[in-house]
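# Understanding the architecture of this molecule
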Amino acid sequence: MIRIGSVAIPGWLAMSPMAGISDSPTRTIARRFGSAFSYTEFVSTDTLAVGSKKALSQLKFREEERPVTFQIFGNKLEIIVEAAKRIRELNPDIIDLNMGCPTKNVSMRGSGVGLLRKPVYAGKIIEAMRATLDIPVTAKIRLGWDDTSRNYMEVSRILEESGALAISVHGRTREMGYSGKADWDAIADIKAARKIPIFGNGDVTSYEEAVRRKRESGVDGVLIGRGSIGDPWVFSESSRESIRLEELVSVAIQHLDLMVENFGEKFGPILFRKHMVRYFHGRPEFIPLKIELLQEMVSERIKESLLSLQELSLPTTAFAV
């Protein structure tokens, strides 16, 4: 068990926050399969500070998702603090400052990974959040802006000294985006130097790999991002390749039902598509129905088609990855 301030995290492996992916239904499924806690998608503090209903709706969560971390991004101290105060009323367990998003429309405005270029200022933001909030404050970072400014040791030191109670580290720079290989040696260096919990993130696609990364780097926990899409089994000792088609269908339908419950019949089925193709990636039974399912707008018809896949079930040896 990991402790982040007063919050107990009942495990060491969890789903990383992902824009457009880690919504409440997806977090719920992940928690049911062993993800130790939940990160919301990151939400702009500019919109939260003025009480945007759309922004606040992104922070909706089910009680079974706890411990739940609200992740926010911004670049103005006063606005970040005001937003943090406002969302504290929604009763999260932790609030996390995103300092790792590499997209241009975020980082070039000084938010996300852009804050790595102002580590002292980032520290002041953490200090102000800690002074305002009665729950733990954490941060998620990358290794630096680019290879010429890999300032992760300085940044992690300042964040720890400023009161961050845990740091998650994606082992790439902003310049790398999601290309190349995550530098787990750098993550290990951060863990060796810091006293607070450190979570490592990057290129982990299986439970076995997560175990190895944890052992080799010494991190307290591991986060899995893209490798968990359509594969909540990654948080357990099972692998999606070994899962019976009947279970794949059952879990996919549970996920679809949660999407409809959360987003409504109009948008739920559409938002489910990116998960559906990953659930059944490599399953030959899915191929004949793929186009039809991706065009279907009615959740009940999607469920009927998914259930019909079971009649086409092929031996496990036919699974193509």
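None of the values given here were measured: they were computed from a predicted structure.

What follows deals with helix H8 (residues 184-193). Among all positions in H8, only Trp184, Ala186, Ile187, Ala188, Ile190 and Lys191 are buried. On its buried face, H8 sits against strand E8 (137-141), helix H7 (152-162), strand E9 (167-170), strand E10 (198-201), helix H9 (207-217) and strand E11 (221-224). Where H8 starts, the residue carrying a side-chain oxygen 3.1 Å from the main-chain nitrogen of aspartate 185 turns out to be aspartate 183.

The subject of this paragraph is the packing of aromatic side chains. Across all of its chains, the model carries eight aromatic pairs by this definition. Judged by centre distance (6.3 Å) and plane angle (85°), the rings of tryptophan 233 and tyrosine 279 are edge-to-face. Of this pair, tryptophan 233 sits in the loop between E11 and helix H10 (245-279) while tyrosine 279 sits in helix H10, and the two are 46 residues apart along the sequence. We classify tryptophan 233 as buried; its relative accessible area is 2%. Given the relative accessible area of 1%, tyrosine 279 is considered buried.

What follows is about empty space enclosed by the protein. Tallying each qualifying case throughout the model produces two cavities of 30 Å³ or more. There is about 60 Å³ of room inside the largest cavity. Surrounding the largest cavity, Met15, Thr26, Ile29, Ala30, Ser228, Gly230, Asp231, Pro232, His255, His275 and Tyr279 form its lining. Secondary structure elements with two or more residues in the lining of the largest cavity: helix H1 (24-32) and H10. For the lining of the largest cavity, a count of residues per class yields five nonpolar, five polar and one charged. When residues of the lining of the largest cavity are assigned to domains, at least three fall in each of domain 1 (2-235) and domain 2 (244-312). Estimates place the volume of the second largest cavity at around 50 Å³. The wall of the second largest cavity is formed by Ile4, Phe37, Tyr39, Thr69, Ile94, Thr138, Ala166, Ser168 and Phe199.

This structure, assessed with the given rule, holds 21 salt bridges. We note a salt bridge from aspartate 220 to lysine 191, for which the minimum N-O separation is 2.8 Å. With aspartate 220 in the loop between H9 and E11 and lysine 191 in helix H8, this pair connects stretches of sequence that are 29 residues apart. Given a relative accessible area of 23%, aspartate 220 falls into the partly exposed group. In this structure lysine 191 comes out as buried when scored by relative accessible area, which is 18%. One network of salt bridges, in which partners are shared, links Arg32, Arg62, Glu64 and Glu261.

This next bit is on the side chain of threonine 173. Along the chain, the position of threonine 173 falls in the loop between E9 and H8. Given the relative accessible area of 0%, threonine 173 is considered buried. Excluding residues within four positions of it along the chain, threonine 173 makes contact with Arg142, Leu143, Gly144, Trp145, Asp146, Asp147 and Arg150.

The rules behind the values
Residues numbered from 1 in each chain as written. Predicted model: local features only at pLDDT ≥ 70, side-chain atom pairs only at ≥ 80, totals over all residues. Heavy atoms only, no water. Buried < 20%, exposed > 50% of the residue type's maximum accessible area, 1.4 Å probe, protein only. Helix = DSSP H or I, 4+ residues; strand = E, 2+ residues; numbered from the N terminus. Contact = heavy atoms within 4.5 Å. Polar contact = N/O pair within 3.5 Å; in protein donor to acceptor, adjacent residues only side chain to side chain. Phe/Tyr/Trp six-rings, centres within 6.5 Å; stacked < 30°, edge-to-face > 60°. 1 Å grid on protein atoms, 1.4 Å probe; cavity = no way out; pocket = protein on both sides within 12 Å on 5 of 7 lines; lining within 4 Å. Points joined across faces, edges and corners; volume = space filled by probe spheres on them. Nonpolar A, V, L, I, M, F, W, Y, C, P; charged D, E, K, R; others polar. Domains from an automatic or database assignment. Salt bridge = Lys/Arg side-chain N within 4 Å of Asp/Glu carboxyl O.

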